[in-house]
Amino acid sequence: MKKFIVIFKQYKHQLSWIYVFMILTELSILSTPFLLGKSIDGLIIGNWYWLVMLGVSYFISNFFNYKRMVYDTKVYTTIYNDIALTFLKKDNVDVSTKIARTDMAHSIVHVLEDYAHYYIATIITIIGSLIFIYSENWKVGVLVSIATFFIVGAIFILYKKIKQAITIKNDHYEKKAKSIENGYLSAESFFLRRRRIEIYDSTIQGKSWFLANSVKYVFLLFSIVLLVTTTKNITIGSIITVYSYVNNFLISLMSAPVIVEMCLRTTDILKRIE
């Protein structure tokens, strides 16, 4: 991933500001289940303090997310242009390949723009949620920690097939312009094969998500039962808080399929444009 290191060094100040905005937003979002539970318990006894704090949290997350959205497009479009124009200076590939690979360069920027945000949110949610869960009921914390191994294991069952589908898809895409130049029959053949490849890729991704989701729901149900049966004097707000953090934690673990797909797709593209 030398390309990403080069990009980070070149745009470290701009990217740092973007990621600071992301982190502040996600930390504020992380506090929401805790504040919501406290607000519910408080309102039951006529205390409005925690509801006000919940409103402040909503405002903070919304404000920093707005600041990021306004700023980051300027940075990411500059990065894409730099990658694409640098590649176009090379003369060792045909026009069809150049067109395809400059389009693929969007995936590199996509990692920085969308995936980085996704993983920052995931890391903060996993760590933060576990802290809140363990502080409320350590038994539930142990149970959801064990879920990590089952969900990740379910994903890597299909790892090789996902990698194969991505390579085939990108190899085929590089032939797009040439197929269109060769006439209607060639183009028709290209798009029919593309459809089959897309269906195969989608099917593999669907199986991956199905396996991970099945594990998630099993552990979520067991967590609810364990929480209610092992916590003394539990309040309505506490149940909602812990349930939310358990659900958020398990959903964050579902990033495993995205991590695998992103890493494989980006590695394949980097080999083509470097």
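The structure reproduced in this document is the subject of the present report.

Conventions used here
- Residues numbered from 1 in each chain as written.
- Predicted model: local features only at pLDDT ≥ 70, side-chain atom pairs only at ≥ 80, totals over all residues.
- Heavy atoms only, no water.
- Helix = DSSP H or I, 4+ residues; strand = E, 2+ residues; numbered from the N terminus.
- Buried < 20%, exposed > 50% of the residue type's maximum accessible area, 1.4 Å probe, protein only.
- Contact = heavy atoms within 4.5 Å.
- Areas by Shrake-Rupley, 256 points an atom, 1.4 Å probe, with all protein chains shown as cover.
- Phe/Tyr/Trp six-rings, centres within 6.5 Å; stacked < 30°, edge-to-face > 60°.
- Expected span 1.5 Å × (residues − 1).
- Core = buried A, V, L, I, M, F, W, Y, C linked by side-chain atoms within 4.5 Å.
- Axes fitted to C-alpha atoms, helices over the stretch in contact; angles between N-to-C directions.
- Parallel < 35°, antiparallel > 145°, perpendicular 65-115°, else oblique.
- Left-handed = near helix turned anticlockwise from the far one by under 90°.
- Nonpolar A, V, L, I, M, F, W, Y, C, P; charged D, E, K, R; others polar.

Overview of the overall build of the protein chain
In terms of regular secondary structure, the protein chain is built from eleven helices and zero strands. Sequence-ordered secondary structure for the protein chain, helices as α and strands as β, is α-α-α-α-α-α-α-α-α-α-α. Taking all 274 residues of the protein chain together, 42% fall into the buried category. Nonlocal contacts in the protein chain, meaning residues at least 24 apart in sequence, comprise 82% of its contacts between residues at least 6 apart. Here the protein chain displays about 15,400 Å² of accessible surface, and carbon together with sulfur accounts for 67% of that area.

Quick notes on the packing of aromatic side chains
By convention here, two paired aromatic rings are described through the distance between centres and the angle between planes. One pass over the structure, following the stated rule, counts ten aromatic pairs. Ring geometry for F59 against F63: centres 6.2 Å apart, planes inclined by 20°, an arrangement best described as stacked. Residue F59 and its partner F63 are located together in helix α4 (residues 49-88), separated by four residues, close to a single helical turn. Here F59 falls in the exposed class, since its relative accessible area comes to 57%. When the centroid spacing of 5.5 Å and the interplanar angle of 45° are considered together, the rings of F150 and F219 count as tilted. Within this pair, whereas F150 is found in helix α6 (residues 138-156), its partner F219 is found in helix α9 (residues 184-230), the two being separated by 69 residues in sequence. Since its relative accessible area comes to 12%, F219 is described here as buried.

A look at helix α10 (residues 236-253)
Over its 18 residues, α10 runs 26 Å from end to end, which matches the ideal 26 Å to within 8%, given 1.5 Å per residue. Every buried residue of α10 is listed here: G237, S238, T241, V242, S244, Y245, V246, N247, F249, L250, S252 and L253.

Quick notes on the environment of L51
Here L51 shows up in helix α4. Here L51 falls in the partly exposed class, since its relative accessible area comes to 31%. With ten residues separating them in the primary sequence, L51 and D41 have C-alpha atoms 10.0 Å apart.

Here's the deal with the nonpolar core
Core analysis: the biggest nonpolar cluster contains 37 residues, and I7, L15, Y19, Y76, I79, V246 and L250 have the highest contact counts within it. Elements that contribute at least two residues to this core include exactly α2 (12-30), α4, α5 (95-136), α6, α9 and α10. Looking at which element gives the most residues to this core, the answer is α5, with seven residues. Aside from chain neighbours lying at most four places away, what touches L15 is I7, F8, V75, Y76 and I79.

Examining the packing of α9 against α10
Orientation of α9 relative to α10, taken along the N-to-C sense of each, is 160°, at an axis distance of 10 Å. Overall, the two elements α9 and α10 adopt an arrangement that is roughly antiparallel. Considering the relative orientation of α9 and α10, their crossing is right-handed. Counted together, K216, F219, L220, S223, I224 and L227 of α9 and I239, V242, Y243, V246, N247, L250 and I251 of α10 form the full contact between these two elements. Of the residues belonging to the contact of α9 with α10, the class tally is ten nonpolar, two polar and one charged.

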